[in-house]
Amino acid sequence: GKMKVIYRVSEIGIREVSVPDDYALQAGELPPQPIVVHNPSSAEQLLMQQAQQITVLQSMMMQQNQTNAKLQATNAQQATQIKQLQQMFMTANQQQAVVDKKGEN
């Protein structure tokens, strides 16, 4: 069937992807750029390019924020795990001290 080109934004940049014409855009994807019929002035062209770049940057920022949120959640989990391990070591050390004391008598 008919295909269209969309832009997929990821951490590594933007790339063009061919998709079926009825493809629904996912997060981090930009619609195909409309073909401008009239001849835009250079100022208009610049504005359009800048608007496009802003959209892309916003999309990349959103993705970066999602990644940061995931990393923060992972950090919090790891901090909890470290506390649990420290607790286990302390308990083990206390038990060892008791065993050592008994051995002395």
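Preceding this paragraph is the structure being described.
Structural notes, computed from the coordinates. (Residues numbered from 1 in each chain as written. Predicted model: local features only at pLDDT ≥ 70, side-chain atom pairs only at ≥ 80, totals over all residues. Heavy atoms only, no water.)

Examining the pattern of salt bridges
The condition is simple: Salt-bridge detection follows one rule: a side-chain nitrogen of Lys or Arg within 4 Å of a carboxyl oxygen of Asp or Glu. Helical segments are the DSSP runs of H or I of at least four residues, strand segments are the runs of E of at least two, and each set is numbered from the N terminus.
Per the stated rule, a full pass over the model turns up two salt bridges. Of the charged contacts, one joins arginine 8 and glutamate 29 as a salt bridge, the two residues approaching to 2.7 Å between their closest N and O atoms. On the criterion of sequence distance, the pair formed by arginine 8 in strand β1 (residues 3-10) and glutamate 29 in strand β3 (residues 29-30) is long-range, its members being 21 residues apart.

Quick notes on the environment of glycine 28
Heads up, the condition is: Any two residues having at least one pair of non-hydrogen atoms within 4.5 Å are treated as being in contact.
Structurally, glycine 28 can be placed in the loop between β2 (13-20) and β3. Among all residues touching glycine 28, those that are not within four sequence positions of it are Tyr7, Arg8, Val9, Ser59 and Gln63.

Focus on the sheet that holds β1
Rules: Here, a strand pair is defined by DSSP locating no fewer than two bridges between the strands. Angles run from 0 to 180 degrees between N-to-C directions of axes, and those axes are lines fitted to C-alpha atoms, restricted for helices to the stretch in contact.
Read across the sheet, three strands follow the order β2-β1-β3 without closing on themselves; strand pairing throughout is antiparallel. Among the strands making up the open sheet, the edge pair consists of β2 and β3. Where β1 lies against β3, two bridges are found, and the strand directions are antiparallel. Directly across from arginine 8, in β3, lies its bridge partner glutamate 29. Each of β1, β2 and β3 touches helix α1 (residues 42-104); the most contacted strand, β1, lies at about 50° to it.

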